[in-house]
Amino acid sequence: MKNNNPIIVAMTGASGAVLGYHTVQSLIDQKINVIFVCSSAARMVWKDENLPPFGETIEKWENTSLFKMYPNNDFYSPIASGTFKTNGMIIVPTSMNTLAAISNGISDNLIKRAADVVIKENRNLILVPRETPLNAIHLNNMAKLANIGVKFIPPNPPYYLAPKSIEEINDFIVNRILLSVEVINKLPDNYIYNEND
């Protein structure tokens, strides 16, 4: 990255908390400063998906000095203001509730407010939506955001690579996220399709 500005990572209450967990860990591994916000519903999904204990994980991340967490109701957080510089925001996973609120300018918690700030400041916003099947409301909300530059990374398996485990699929998706926020400049070689393979 060109500067030391942090990347905001938010988790909302959709299945796929494991992707949020690995996104934060991967950013820290890359020595990227992370500001983290987690909804109460995301905490529930975290527990349901058998991730390492939430409190222990937050403490481990905070010990790196690259990580700062704010409560989802903290509108005094610096990320609630456009004057605080960031390198964008990733919401992983993104619930349809959060997506709908962002697409309609509703900022009733810190995650939604931070996303609104990122959009108005013309910064990178990556949404990783976890819902299927998608109805017309979902698609209209996505189209509205895509038309103003928001990027979507649906967590689709890379079937063409014949992944052998869920872990490989998760790793591929997280690398796609890192590529979209320009933390890496290309996918690892094992995730690039080679027609000669």
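A quick note: this is a predicted structure, and the numbers were derived from the prediction, not measured.

Draft legend 1. Local environment of the pattern of salt bridges. Scanning all chains against the criterion turns up four salt bridges. As a salt-bridge pair, K112 and D108 come within 3.0 Å of each other at their nearest N and O atoms. For K112, a relative accessible area of 7% translates into the label buried. A salt bridge links K186 to D189; the nearest nitrogen and oxygen atoms lie 2.9 Å apart.

Draft legend 2. Here's a closer look at the UniProt feature "domain: Flavoprotein" (unreviewed entry) in the chain. The sites that UniProt annotates as "domain: Flavoprotein" (unreviewed entry) are residues 7–178. Secondary structure across residues 7–178 comprises 43% helix and 16% strand; the distance between its end C-alpha atoms is 11 Å.

Draft legend 3. Fine view of helix α7 (residues 166–180). When the terminal C-alpha atoms of α7 are compared, their 21 Å separation across 15 residues agrees well with the 21 Å that a helix rising 1.5 Å per residue should span. Every buried residue of α7 is listed here: I169, N170, F172, I173, V174, N175, I177, L178 and S180. On its buried face, α7 sits against α1 (17–29), β4 (89–94), β5 (125–129) and β6 (151–152). One or two positions beyond α7, positive phi appears at E182, with a value near 65°.

Draft legend 4. Region of interest: the packing of α1 against helix α3 (residues 54–62). One way to put it is that α1 packs onto α3 with a least axis distance of 11 Å and a crossing angle of 15°. In terms of orientation, α1 and α3 fall into the roughly parallel class. Seen along the crossing, α1 lies across α3 with a hand that is left-handed. Between α1 and α3, the residues in contact are Y21, V24, Q25 and I28 and T57, K60 and W61, respectively.

The rules behind these values
Here the residue index of a chain counts from 1 through its sequence in written order. Whole-chain, interface and lining totals are the exception, using all residues; otherwise, since this is a predicted model, local features are given only for residues with pLDDT of at least 70 and side-chain atom pairs are given and counted only at 80 or more. Note that the side-chain values use all heavy atoms of the structure and ignore hydrogens as well as water. Salt bridge, as applied in this entry: a Lys or Arg side-chain nitrogen positioned within 4 Å of an Asp or Glu carboxyl oxygen. Only protein chains enter the calculation, and the probe is 1.4 Å; a residue is then buried if its accessible area is under 20% of its type maximum, exposed if over 50%, and partly exposed in between. UniProt positions are given in the numbering used here, feature names are shortened, and annotations may be inferred rather than shown by experiment. Here a helix means four or more residues in a row that DSSP labels H or I, a strand means two or more in a row labelled E, and each is numbered from the N terminus. Expected span, for any helix, means 1.5 Å times one less than how many residues it has. For this analysis, residues touch if any pair of their heavy atoms sits within 4.5 Å. Fitting a line to C-alpha atoms yields each axis, with helices limited to the stretch in contact; the angle taken between N-to-C directions then spans 0 to 180 degrees. Any angle that falls under 35 degrees is termed roughly parallel, while one over 145 is termed roughly antiparallel, one within 65 to 115 roughly perpendicular, and all others oblique. By convention, the crossing between two helices is left-handed when the near helix turns anticlockwise from the far helix through less than a right angle, and right-handed when the turn is clockwise.

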